[in-house]
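Each chain, written out:
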Amino acid sequence: MNDNINADGTRSIVFATNNSHKLTEARHILGDSIRVLSLADIGCHEDIAETANTLEGNAIIKARYVSEHYGIDCFADDTGLEVPSLGGEPGVRSARYDDSTDHDSEANMNKLLRKLEGKDNRDAQFRTVIALHRHADHADMTLFEGIVKGHIARERHGSEGFGYDPIFVPEGHDKTFAELGADIKDTISHRAIAISKLARYIKSHDNAH
């Protein structure tokens, strides 16, 4: 994986997202040796349709599209909050759980809390799947998964983070992701786990060449 190396020895790789929260997380986790570019950074303004019915499928669609159209290594993620007592909902539809809106976190949380009313089992897990597509090898697609288990709080707590963070309490903690803050979340979250696996993979392949 020695293409996409900058003059200062750092690697450039595109994260197929324009979500500023996700970009900040990824840059924090990957560190200075890997320069993470956004879609806007490479001039990609297309709406890449996430048409798959699995997290894996959507991540692959985005990573392949960007890598093949823009000629650069790219990784993409799809993340779902999975609640067993709701049959795995919201799952792949986590960002669009509330049918009347699009990416409205408040509406999504309201719907989830409403559907969990009266249920004793509030177990949940966040699952992130990252797909890495290397431009130099068009057939190459590598997947990385991160899971963090926990439960859904009965009301919102905290002001940091995004998405379902104010109502998700990770195992081993008594505070939500939104209360724990970025420094802690970035060491234990689903996305942190998946991105850390990605980072180890990239560095091990760079060192092997």
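Refer to the structure presented above.
Quick summary incoming for the structure in this document. (Residues numbered from 1 in each chain as written. Predicted model: local features only at pLDDT ≥ 70, side-chain atom pairs only at ≥ 80, totals over all residues. Heavy atoms only, no water.)

What the rule picks out here adds up to zero disulfides. Of the cysteine sulfurs around cysteine 74, a residue in no disulfide, the closest is that of cysteine 44, at 8.5 Å. (Disulfide = S-S within 2.5 Å.)

Turning to helix H3 (residues 105-115), its buried residues are Ala107, Asn108, Met109, Lys111, Leu112 and Leu113. Here the buried face of H3 lies against strand S3 (74-83), strand S4 (89-91) and strand S6 (141-152). Of the residues that open H3, the one with a side-chain oxygen 3.1 Å from the backbone nitrogen of glutamate 106 is aspartate 104. (Buried < 20%, exposed > 50% of the residue type's maximum accessible area, 1.4 Å probe, protein only. Helix = DSSP H or I, 4+ residues; strand = E, 2+ residues; numbered from the N terminus. Contact = heavy atoms within 4.5 Å. Polar contact = N/O pair within 3.5 Å; in protein donor to acceptor, adjacent residues only side chain to side chain.)

So, about the pairing of S6. In this sheet, S6 lies alongside strand S5 (residues 123-133) in antiparallel orientation, the contact comprising 11 bridges. Each bridged residue has a counterpart across the sheet, and for histidine 133 the counterpart in S6 is methionine 141. In this sheet, strand S7 (residues 168-170) lies alongside S6 in antiparallel orientation, the contact comprising three bridges. In the sheet register, histidine 151 faces S7, and the bridge partner there is valine 169. (Pairing = 2+ DSSP bridges.)

Turning next to the environment of glycine 88. Relative to the elements of secondary structure, glycine 88 occurs in the loop between S3 and S4. Under the relative-accessibility criterion, glycine 88 is labelled partly exposed at 29%. With 51 residues separating them along the chain, glycine 88 and leucine 37 place their C-alpha atoms 32 Å apart. With sequence-adjacent residues up to four places away left out, glycine 88 is seen in contact with Leu81, Glu82 and Val83.

Moving on, we come to helix H1 (residues 20-30). Within H1, the full set of buried residues consists of Lys22, Leu23, Glu25, Ala26 and Leu30. The buried side chains of H1 occupy one side of the element, clustering within an arc of 165° when seen end-on. Between the side-chain oxygen of the N-cap and the backbone nitrogen of histidine 21 there are 2.9 Å, and the N-cap of H1 in question is asparagine 19. Two residues or fewer after H1 comes glycine 31, characterised by a positive phi angle close to 80°. (Arc of directions from axis to C-beta.)

Turning next to the pattern of salt bridges. When charged atoms on two side chains of opposite charge get close, those side chains can pair. For the coordinates displayed, the defined rule picks out 15 salt bridges. In this structure, the salt-bridge partner of lysine 22 is aspartate 77, at a minimum N-O distance of 3.2 Å. Here lysine 22, found in helix H1, pairs with aspartate 77, found in strand S3; they are 55 residues apart in sequence, far enough to count as distant. (Salt bridge = Lys/Arg side-chain N within 4 Å of Asp/Glu carboxyl O.)

A separate point is the pairing of S3. Counting buried positions along S3 yields 10 of 10 residues, so the element is predominantly enclosed. Side-chain alternation along S3 places Cys74, Ala76, Asp78, Gly80 and Glu82 on one buried face and Phe75, Asp77, Thr79, Leu81 and Val83 on a second face that is also buried. The pairing of strand S1 (residues 11-15) with S3 spans two bridges and is classified as parallel. Residue pairing in the sheet places valine 14 in a bridge with cysteine 74 of S3. Where S3 lies against S5, nine bridges are found, and the strand directions are antiparallel. Among the inter-strand pairings, glutamate 82 is bridged to a residue of S5, identified as glutamine 125. Two strands pair when backbone bridges link them, and S3 and S4 are joined in this way by three bridges, in the antiparallel orientation. Looking at the pairing, leucine 81 lines up with glycine 91 of S4. A loop of five residues connects S3 with S4, the two strands running antiparallel in sequence, and glycine 87 in this loop sits at a positive phi of about 70°.

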